[in-house]
Amino acid sequence: MAPAPAPAPAPGKGGSSSPRSHEAAPAAQIRPGRSHGPRGRSGLARPAPAPRGSRPGRPGAELRPRVPGPGCPRRAGPSPPCRAVPAVPGCPRRAGLSPPGRTVPAMPGSRCPALPVLRWLPRYCRAWLPLDLLAGLAVGLTAVPQALAYAELAGLPLQYGLYSSFMGCFVYFFLGTAKDVTLGPTAIMSLLVSSYAFHEPVYAVLLAFLSGCIQLAMGLLHLGFLLDFISCPVIKGFTSAASITISFNQIKNILGLQGIPRQFFLQVYETLRRIGETRAGDAVLGLACLAALAALRAMRSRLPQAASAEPLAARISCRIVWISATARNALVVLFAGLVAYSFQVMGSQPLTLTGSIPRGLPAFRLPRFSLAAPNGTVPFPSMVEDMGVGLAVVPLMGLLETIAIAKAFASQNGYRIDPNQELLALGVANILGSFVSSYPITGSFGRTAVNAQSGVCTPAGGLVTGALVLLSLAYLTSLFYYIPKAALAAVIISAVLPMFDVGIFRTLWRVKRLDLVPLCVTFLLCFWEVQYGIVAGVLVSGILLLYSIARPPIKVSEGDVLLVQPGSSLHFPAIECLRDTVCSRALAAASPPRSVILDCCHISSIDYTVVVGLAELLQELHKHGLSLAFCGLKDPVLQVLLSADLEGFQHFPSREEAERCRGAELWDSRTDPFTSTTESSGLIQ
């Protein structure tokens, strides 16, 4: 029997929850002069002998037990104790999929292959296949009608929605790190495409290609941290405004109105002015579809989970109801299509239909880098100039939406993702998607939720979704002719209404009212133009962030010695505020001059401008016969100040010791090894 692997270290004692948690501790943690185990002649700690069975040259390589994949029952013989079975990243354990008493780690270590699919595919188990098939089918039944609706929202021919719905599924199978996420067209991305592609397919496809290149470059350069500068209030303001804008944009299809402008305020005015032209058939069908979608959504949220002890008929009925509620978009569109076909057979058509959609798969070719216009050809530089700020907004919003969805479902289902790998996956999906006439895609929250609730275990469910979209393109496009536009509008409205977060305004008012400023700025300006709202919200958030850096909280304690304690790190905008605070309190005419102790326990970094400001503060206090001492300096800050060779610089290991040694004469005579006093003129004057 093979020896049991060593137990993982406890958190806080060398253990880590990161992908490198199984690797040896970094050498930087071993300090010279301290004992870290048996030493060789060189005085350095010898590495611990590798466990039997690990590969030579790979420190800390764990044993790989020869057991079947997770979830597969052992073919013969009992399982040896304490042997762990690697699991598919993020696949939740389910009853009956793995024998009891066997641990299943959430994520493979960093020594796994660079291609994410190779981390889980070799251990794929047949027990997961029906779950992945069911999830892929459920997502596909949702994706096809949504694709048609989102293409209408983007102002493109409906087939472009289907062209955009399959490549992301296949790419994410190979490159994705979250089992739940599905890539494809979304309401927000379609709204952005309608703003920057000018309802022209060539612009939309080129925008997908350029956005993919930008996203791929950001992933290769590890620039995902830039998304952290888009604050939650900005995101909430944008999504809430987008839900209202998108919903009202579909009112014209619900009412059967034609020729309504795209700009929101003109859209509201024209819709209200021409409401008397409403087509009764479209309005009745659209409202009926909205009611049916709302009822099916509520039914699924309140559906109890059937216990295994219940009769088989009850469990089957519960499963049928769940599948019907999950595939509600497809059912509603199918019902509406049958109604429209019935009217067509009877010779009267009160509904506005989608119309014919080209049959067949799109050609695999490079996107076009020029556009033929009636008065000539629009070259590539002019197309890029026309898209303008959209080349920044579209890729950033796509990355933000995908990463936010992946993190949310990874946290919910107990696994971890690699954000930079997600950037690479989205970039490659958009680049390859542009070769099949796709417009920009991103992670879809609604379809990802359907995927997770359907019990998907691996990204293989995306293969089923992509195949279903391809089958629809190859064989079902002739049936899409009879889909009423009112039904597609109802699908869009039902998908985007939950994006409006009413409670965020009340929450921010209760938690931090200052965050209402970027929220309201973004929310209001997005009704004018989406890009203006996002840019203005980011700028306002940046100004608030810079203000907090330039005016850090400073605690001042009165007494025989003036104790000053900055509440955060010092950067160059904050040094003037600190100098003014110290001088105004230490040199106040109403109180006797006092020496100053600067408690730096919260300061983790400073820059050169701060060093210059501290040197000037030392000189100014010295002119008035006062001393300035530092305490609680962290090593990086202390090294910077010592390197600057400040005149009169004194520091103590703690506040108590600095207070005991107050007074310039006592400090000058002190010989404590932690105190450093220089008499030179210093490098900074």
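Residues numbered from 1 in each chain as written. Predicted model: local features only at pLDDT ≥ 70, side-chain atom pairs only at ≥ 80, totals over all residues. Heavy atoms only, no water.

Colleague: Looking at this structure, I do not really get the overall build of the chain. What am I missing?
Modeller: Within the chain, the regular secondary structure consists of 26 helices and nine strands. Across the 685 residues of the chain, 46% fall into the buried class. Across the chain, the fraction of contacts at a sequence separation of at least 24, relative to all contacts at a separation of at least 6, is 75%. Surface summary for the chain: the accessible area is close to 33800 Å², and the carbon and sulfur share equals 63%. (Helix = DSSP H or I, 4+ residues; strand = E, 2+ residues; numbered from the N terminus. Buried < 20%, exposed > 50% of the residue type's maximum accessible area, 1.4 Å probe, protein only. Contact = heavy atoms within 4.5 Å. Areas by Shrake-Rupley, 256 points an atom, 1.4 Å probe, with all protein chains shown as cover.)

Colleague: Would you mind going over helix α19 (residues 503-511) with me for this structure?
Modeller: Since the α-helix advances by 3.6 residues per turn, residues separated by three or four positions end up pointing in the same direction. Looking only at α19, the buried set comprises Gly503, Ile504 and Leu508. Mapping the buried residues of α19 onto a view down its axis gives an arc of 130°, with all of them on the same face. Structural note: α19 exposes Arg506, Trp509 and Arg510 on the side pointing more than 90 degrees away from its buried face. Tucked inside the fold, the buried residues of α19 contact α7 (232-249) and α20 (516-525). (Arc of directions from axis to C-beta.)

Colleague: Could you clarify how one ought to interpret the packing of helix α6 (residues 201-220) against helix α14 (residues 390-413) in this entry?
Modeller: The packing of two helices is summarised by the inter-axis angle and the distance between the axes. Running from amino to carboxyl end, α6 crosses α14 at an angle of 60°, the nearest separation of the two axes being 9 Å. For the element pair α6 / α14, the angle class is oblique. By crossing handedness, the relation of α6 to α14 is classed as right-handed. Of the residues in α14, those in contact with Leu207, Leu210, Ser211, Ile214, Gln215 and Met218 of α6 are Gly390, Leu391, Val394, Pro395, Leu396, Gly398 and Leu399. (Axes fitted to C-alpha atoms, helices over the stretch in contact; angles between N-to-C directions. Parallel < 35°, antiparallel > 145°, perpendicular 65-115°, else oblique. Left-handed = near helix turned anticlockwise from the far one by under 90°.)

Colleague: Can you help me understand the nonpolar core in this one?
Modeller: For soluble globular proteins, nonpolar side chains are generally found buried alongside one another. In terms of nonpolar packing, the biggest core is built from 106 residues, with Leu148, Leu162, Leu192, Val193 and Ile246 touching the most fellow members. It is α14 that provides the largest number of residues to this core, a total of 11 residues. The residues contacting Val193, other than those within four sequence positions of it, are Ala154, Leu156, Phe198, Ala204, Leu207, Tyr439 and Pro440. Listed in part, the 31 residues of the second largest apolar core include Cys583, Leu598, Leu617 and Val637. (Core = buried A, V, L, I, M, F, W, Y, C linked by side-chain atoms within 4.5 Å.)

Colleague: Quick question: what am I supposed to make of the packing of aromatic side chains here?
Modeller: Inspection of the entire model under this criterion finds 21 aromatic pairs. On the numbers, 5.8 Å between centres and 80° between planes, the contact of Tyr124 with Trp128 is edge-to-face. Relative accessible area serves as the criterion here: at 3%, Trp128 is assigned to the buried category. Connected via pairs of aromatic rings, a cluster forms that spans Phe248, Phe264, Phe265, Phe500, Phe505, Phe523 and Phe527. Above the plane of the ring of Trp509 lies Arg513, whose end atom (NZ or CZ) is 4.0 Å from the centre. (Phe/Tyr/Trp six-rings, centres within 6.5 Å; stacked < 30°, edge-to-face > 60°. Lys NZ or Arg CZ within 6 Å of the ring centre and 35° of its normal.)

Colleague: Honestly, the sheet that holds strand β8 (residues 628-631) in this entry has me stumped. Any pointers?
Modeller: Two modes of strand pairing occur in sheets, parallel and antiparallel, and in both the strands are linked by backbone hydrogen bonds. Spatial ordering of the open sheet is given by β5-β6-β7-β8-β9, a layout of five strands whose pairing is mixed. Each edge of the open sheet carries a strand with a single partner, namely β5 (554-557) and β9 (650-652). Put simply, the sheet's adjacent strands are angled 25° from each other on average, direction ignored. One ladder, built from four bridges, connects strand β7 (residues 596-599) with β8; its direction is parallel. (Pairing = 2+ DSSP bridges.)

Colleague: Would you explain the side chain of Arg300 in this entry?
Modeller: The topology assignment puts Arg300 in helix α10 (residues 280-301). Buried charge Arg300 goes without a salt bridge, the closest partner of opposite sign being Asp180 at 12 Å. If near-sequence neighbours (up to four positions away) are discounted, Arg300 is found in contact with Trp322, Ala325, Thr326, Arg328, Val450 and Gln453. (Lys, Arg positive; Asp, Glu negative; His and termini not counted. Salt bridge = Lys/Arg side-chain N within 4 Å of Asp/Glu carboxyl O.)

Colleague: What exactly am I supposed to notice about a nonpolar patch on the surface here?
Modeller: On the surface, Phe225, Leu226, Phe229 and Leu545 cluster together to form a nonpolar patch covering roughly 380 Å² of accessible area. For Phe229, the location among the structural elements is in the loop between α6 and α7. (Patch = residues over 30% accessible without salt bridge, like charges linked within 9 Å, V, L, I, M, F, W, Y side chains within 5 Å.)

Colleague: Sorry if this is basic, but what is going on with helix α4 (residues 167-175) here?
Modeller: In terms of burial, α4 is a largely internal element, seven of the nine residues being buried. Buried residues of α4: Met167, Gly168, Cys169, Val171, Tyr172, Phe173 and Leu175, and no others. Where α4 is buried, its residues contact α1 (117-120), β1 (183-184), α15 (419-434) and α17 (461-476).

Colleague: Sorry, what's going on with the environment of Leu468 here?
Modeller: Relative to the helices and strands, Leu468 resides in helix α17. Placed 328 residues apart in sequence, Leu468 and Gly140 show a C-alpha to C-alpha distance of 5.9 Å. Each residue touching Leu468, except ones within four places of it in the same chain, is listed here: Leu137, Gly140 and Leu141.

Colleague: Would you explain the side chain of Thr186 in this entry?
Modeller: Summarising the element assignment, Thr186 is placed in the loop between β1 and α5 (187-196). Only 3.2 Å separates the side chain of Thr186 from the backbone nitrogen of Met189, close enough to count as a polar contact. Beyond its immediate stretch of four places on either side in the chain, Thr186 contacts Tyr150, Glu401, Thr442, Gly443, Ser444 and Arg447. (Polar contact = N/O pair within 3.5 Å; in protein donor to acceptor, adjacent residues only side chain to side chain.)

Colleague: What exactly am I supposed to notice about the packing of helix α2 (residues 129-154) against helix α12 (residues 328-346) here?
Modeller: Closest axis-to-axis distance for the α2/α12 pair is 7 Å, and the angle between their directions is 55°. Classified by the angle their axes make, α2 and α12 are oblique. You can see that α2 and α12 cross each other, and the crossing is left-handed. Counting all contacts with α2, which are made through Leu141, Thr142, Pro145 and Gln146, the residues of α12 involved are Asn329, Ala330 and Val333.

The values reported here are purely geometric and, on their own, carry no functional implication.
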